[in-house]
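Observations on the three-dimensional arrangement
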2 protein chains.
Amino acid sequence: MASAARDKAAIFAALGDPTRLALVETLSDGHGRSISELASGVGMSRQAVTKHLKVLETAGLVANDRIGRESRFALDPSKLNDLADYLQSVSRHWDEAISRLKTFLGED
Amino acid sequence: MASAARDKAAIFAALGDPTRLALVETLSDGHGRSISELASGVGMSRQAVTKHLKVLETAGLVANDRIGRESRFALDPSKLNDLADYLQSVSRHWDEAISRLKTFLGED
DNA sequence: TGCATGCGCAACTCCGTGGTTGCGCAATCG
DNA sequence: CGATTGCGCAACCACGGAGTTGCGCATGCA
């Protein structure tokens, strides 16, 4: 339901960049920040960070709230929880297959 | 410990491609397969799949075992579990921040 | 009103990625 | 032995991602 495989890949891709991952970690303290604040945090130009934030926003990982001339971004952890569940389902699927294999081998 | 932020980003990037995600899901049944089998599964050339598998192997998500002239790939779910834990730690970090904020606001 | 700050948009460069094809080698089958 | 199958390596191409700079607009402050 939540999201098709393509959407999941998009979210993984959004997290698959060191700068964006750093942004997510920075925002994981629940404190929203302006683009300039985030830019100085990761030591990169404002526009570069703007692009990264747009990617994260498209993936649904962050939300934008414009206040006056500032654009404050905050983390939306719901997708992260979805992803964690998904990863666990994949690895659980694998574990079950291994269990069946062991049972099969054990039962001679 | 387990892996630095850059490694995590690499793993996310490895999963951030629809083809590679499909390969991982295919292999999640615990059954190793040859490159040609996987290629026909995703409807792509053998070399393209070879490249994808190399990316997944570099990220530590799959392991290669050459038998005769076949190269069988199988999933290694340990990294997936690591990632799931990581995602949950990030979102939990966020949840805690929100809880503190609510407490702060609630206590007047 | 004038100046500084924070952004958005657009153009441009650079290089990594995803895909293809072709060739050659090793292993397997008859 | 010859034919086939499974791969690896390399070259090549097209596209998009990541980053920069420059410009212009809107907001906020003195």
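Heads up: the structure comes first, above all this text.
To keep things clear, this report deals only with the structure shown in the data block. Residue positions are given per chain, counted from 1 along the sequence in the order it is written. Lettering for chains starts from A, numbering for ligands starts from 1, and both go in the order in which the items are written. In keeping with the predicted nature of the model, local features appear solely for residues at pLDDT of at least 70, side-chain atom pairs appear and are counted solely at 80 or more, and the whole-chain, interface and lining totals rest on all residues. Only hydrogens and water are set aside when side-chain values are computed; all heavy atoms of the structure are taken into account.

Notes on the sheet that holds strand β3 (residues 70-75) of chain A
Strand pairing in a sheet is mediated by backbone hydrogen bonds. Such pairs are either parallel or antiparallel. All names here are of chain A. Should DSSP find at least two bridges between two strands, the strands are regarded as paired. Each helix corresponds to a stretch of at least 4 residues labelled H or I by DSSP, and each strand to a stretch of at least 2 residues labelled E; elements are numbered beginning at the N terminus. Judged by pairing direction, the sheet is antiparallel, and its three strands sit side by side in the order β1-β3-β2 without closing on themselves. Edge strands, defined here as strands with exactly one partner in the open sheet, are β1 (33-34) and β2 (62-67). In this structure, β1 lies alongside β3, joined through two bridges in antiparallel fashion. Across the sheet, serine 34 pairs through a bridge with arginine 72, a residue of β3.

Some words on the protein's contact with DNA strand D
Proximity is defined per residue: if any heavy atom of the residue lies within 4 Å of a molecule or strand, that residue is considered near it. Ser45, Lys51, His52 and Arg69 of chain A together with Ser36 of chain B are the nearest of the 22 residues found near DNA strand D. Taking serine 36 of chain B, its side chain carries an N or O atom lying 2.5 Å from a phosphate oxygen of DNA strand D. Think of a polar contact as two N or O atoms within 3.5 Å of one another; within protein, one of them needs to be a possible hydrogen donor and the other a possible acceptor, and neighboring residues in sequence only count if both atoms come from side chains. In this structure, arginine 46 of chain B approaches DNA strand D through a side-chain N or O atom, which is 3.0 Å from a base oxygen. Of all the elements in the fold, those that place two or more residues in the surface near DNA strand D are α2 (18-27) and α4 (46-58) of chain A together with α3 (35-42), α4 (46-58) and β3 (70-75) of chain B. Grouping the amino acids of the surface near DNA strand D by side-chain chemistry returns three nonpolar, 10 polar and nine charged. We call Asp, Glu, Lys and Arg charged. Ala, Val, Leu, Ile, Met, Phe, Trp, Tyr, Cys and Pro are nonpolar, and the rest, Gly among them, are polar.

So, the protein's contact with DNA strand C
Around DNA strand C sit 22 residues in total, of which Ser36 and Arg46 of chain A together with Ser45, Lys51 and His52 of chain B are the nearest. Expressed as a percentage, the sugar and phosphate content of the atoms of DNA strand C within 4 Å of the protein is 56%. Contact between DNA strand C and glutamine 47 of chain B: a base oxygen at 3.1 Å from a side-chain N or O atom of the residue. Each residue belonging to the surface near DNA strand C can be placed in one class, and the counts come to three nonpolar, 10 polar and nine charged.

Focus: the pattern of salt bridges
Think of a salt bridge as a Lys or Arg side-chain nitrogen and an Asp or Glu carboxyl oxygen that are within 4 Å of each other. Counted by the stated rule, this structure contains six salt bridges over all chains. As a salt-bridge pair, arginine 33 of chain A and aspartate 29 of chain A come within 2.2 Å of each other at their nearest N and O atoms. Relative accessible area serves as the criterion here: at 29%, aspartate 29 of chain A is assigned to the partly exposed category. Across the pair glutamate 37 of chain B and arginine 72 of chain B runs a salt bridge, and its minimum N-O distance is 3.9 Å. Linking glutamate 37 of chain B in helix α3 with arginine 72 of chain B in strand β3, this pair joins segments that are 35 residues apart in sequence. What makes glutamate 37 of chain B partly exposed here is its relative accessible area of 39%. What makes arginine 72 of chain B partly exposed here is its relative accessible area of 23%. Shared partners join several salt bridges into a network, and the residues in it are Glu37, Glu70 and Arg72 of chain A. Each residue's exposure class comes from its accessible area (1.4 Å probe, protein chains only) as a fraction of the maximum for that residue type: buried when under 20%, exposed when over 50%, partly exposed otherwise.

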